[in-house]
Each structure stands twice: as structure tokens, then as C-alpha cells.
Amino acid sequence: FVKLSAAPDEDFAAPAAVVRGGRRLSTSSKCRLALEAMLNDERWVLLNVSYTRWCRIKAENEMARCCGLADFAAGRGENCAQDTECFTTCHHRSMSELCSASFGKTCNVERRLFENAPLKISETFCLPEDCDNDSDRQDIIAWYATLYASRLSGWHANWDSVEMFCPNAAVGALLYTLLAIFLTALAIPVAWLLFVAPAERGRVLINQEDMQAQDNDGTQELRGLGSTHGDTLKSASMGASR
């Protein structure tokens, strides 16, 4: 996100609308209140200090890498690479987790830090839940940059050319659906290998003729046993009569 020059315990007071470039900018009242509440939240303020310091180091190192002569504090660079080669990311996991758990949706904004250097960054931007609609998403960056311009300084001040990228819920649902289909398709052959015995090539466990022969042998064996048992009983009976 961005560092605000105001003291952490200083509350923000937002007017109903501001004028920028002849255009009257305003978000919904619910969005304004949600944004102010987030910027005044002690957890956000504390984490934002840590995040800002970390992002400053990354941005300054990238400027030193891509510019032959770099003065980050003054916002000037000479003999710099093109925009696409002078770029770094400041995507902060802890800030994203706090945003998702307590405020709304984690988005990323891309902006150019200085007018006299091509350095760009992509940084974490927390979009309050009450601002997550087409109208407020369109105006919140300009509203924020104008309303809090007096509180932004140094490498935080330039918000004239900003693009915001937010995750699409429909795309996320589609990805989860495709993942479920893939896992199901993967589970079917695995289950087949685990629970179905593979056929052994060239080996027949038993055919129909052998099965019929075994049945006949069993029948004959039973008949033989019955005949033997009958002869035994007959002999015994005759011996007893004598």
C-alpha cells in the first residue's frame, strides 16, 4: 500500500467529494467510511510501517540496478533501462492476509514512482469490501490520491498513472472447478490400479471346459463315495444277520 505522513493516531476526515481536473470525484458513502476505518485501524497502521520500509529497500535497489546514475531520494535517474526493465514488485503476504481477513480484497496497483525516472512498482493495495463494486473501483484510486495528497510525500506521492488489478471471483471459481475435474480424472486410474487386479499375459486361470470337468469329477467322486458307503452298510447288515 502506501505510507501516510500523518501520525498514526491522527484520524482521517473525508469530505463527500473532491474535484480533480474539472471532474467531481466521489465514492459511495459506505466505501468512504470503510476506507477511513481501514486507514485508521491500528493493525493496518503498524503493518504498513513495516511494509513501507521493506518496499522502499526493494524499489531503491531496483533503481540502482536499472539506472546508470540513481538518486532515489531526489527521484532522479539517468541512463536508465526501459520501463519494462526497471520494475519491481512489493507484494506483501502479511498485508494481504490482514486485508483478506479484516477489510476486503487484496489487489495490486502498478504505478510509476517518479517523473524523472522510469522506475515502476507493483504494490499491495487493500480494497475495502464496501468499495468492491464497479463504480467505486473506478474512482477509488483517483479519490484516494486526491483526498490524501497532502499526506503523501516522496516516492509515495505520484499517483497520476496507476493501474489496479484485482482477482476475479468468476475466474477463481473456474480454476477451482478445473482443478476438481483434474483431480477426479487422476483418481479414476489410480483407483483402478489399486482395486482391480491386472491380467497376466499368457495365463488363463481356468476355462469353461476345465470348470465343467471339475464339476463332473466332483459329481463322480460324490457318487463313488455314496456307492462305497452303501456297500459298507450292506455288508455290515448281512454279517449281522448271520
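Residues numbered from 1 in each chain as written. Predicted model: local features only at pLDDT ≥ 70, side-chain atom pairs only at ≥ 80, totals over all residues. Heavy atoms only, no water.

> Would you explain unusual backbone geometry in this entry?
The phi torsion of most residues other than glycine is negative, and most of the peptide bonds are trans. A positive phi angle, close to 55°, is found at N79, a residue other than glycine. Tracing the backbone through its elements, the reader meets N79 in strand β4 (residues 76-80). (Helix = DSSP H or I, 4+ residues; strand = E, 2+ residues; numbered from the N terminus.)

> How do you make sense of the nonpolar core when you look at a structure like this?
Ranked by internal contacts, the top residues of the largest apolar core, which has 41 residues, are W44, F72, L113 and W159. Residue assignment for this core shows that the elements contributing at least two residues are α1 (29-40), α2 (42-66), α3 (93-103), β6 (104-114), β7 (117-128) and α4 (134-147). The biggest single contributor to this core is α2, with eight residues. (Core = buried A, V, L, I, M, F, W, Y, C linked by side-chain atoms within 4.5 Å. Buried < 20%, exposed > 50% of the residue type's maximum accessible area, 1.4 Å probe, protein only.)

> Hey, could you run me through the pairing of β4 in this one?
In regular strands, side chains alternate between the two faces of the sheet. Where strand β3 (residues 67-71) meets β4, four bridges bridge the pair, whose relative direction is antiparallel. Note that in β4 the partner of D71 across the bridge is R76. Where β3 folds back on β4, the antiparallel hairpin that results is connected by four residues, among which G75 adopts a positive phi of roughly 75°. (Pairing = 2+ DSSP bridges.)

> How should I be thinking about the pattern of salt bridges in this particular structure?
Oppositely charged side chains are able to pair whenever their charged atoms sit close together. One pass over the full model with this rule turns up eight salt bridges. Here R76 ties to D71 by a salt bridge, and the two come within 3.6 Å at their closest N and O atoms. For D71, a relative accessible area of 32% puts it in the partly exposed group. Note that E123 is salt-bridged to R111, the shortest N-O span being 2.4 Å. Of this pair, E123 sits in strand β7 while R111 sits in strand β6, placing them twelve residues apart in sequence. Accessibility expressed as a relative area gives 0% for E123, which makes it buried. Where salt bridges share partners, they join K105, D132, D134 and R137 into one cluster. (Salt bridge = Lys/Arg side-chain N within 4 Å of Asp/Glu carboxyl O.)

> Before we go on, may I ask you to explain the environment of F125 in this structure?
Position of F125 among the secondary structure elements: in strand β7. By relative accessible area, which is 0% here, F125 ends up buried. Residues F125 and H91, spaced 34 residues apart in sequence, show a C-alpha to C-alpha distance of 8.9 Å.

> What exactly am I supposed to notice about the packing of α2 against α3 here?
The angle between the axes and the distance between the axes are what describe a pair of packed helices. For the pair α2 and α3, interaxial distance at closest approach is 10 Å and the crossing angle is 160°. Classed by the angle they form, the pair α2 and α3 counts as roughly antiparallel. With respect to the hand of their crossing, α2 and α3 are arranged in left-handed fashion. In this structure, α2 contributes R43, W44, L47, N48 and Y51 to the contact, and α3 contributes S94, M95, L98, S102 and F103. Tallied by class, residues from the contact of α2 with α3 come to six nonpolar, three polar and one charged. (Axes fitted to C-alpha atoms, helices over the stretch in contact; angles between N-to-C directions. Parallel < 35°, antiparallel > 145°, perpendicular 65-115°, else oblique. Left-handed = near helix turned anticlockwise from the far one by under 90°. Contact = heavy atoms within 4.5 Å. Nonpolar A, V, L, I, M, F, W, Y, C, P; charged D, E, K, R; others polar.)

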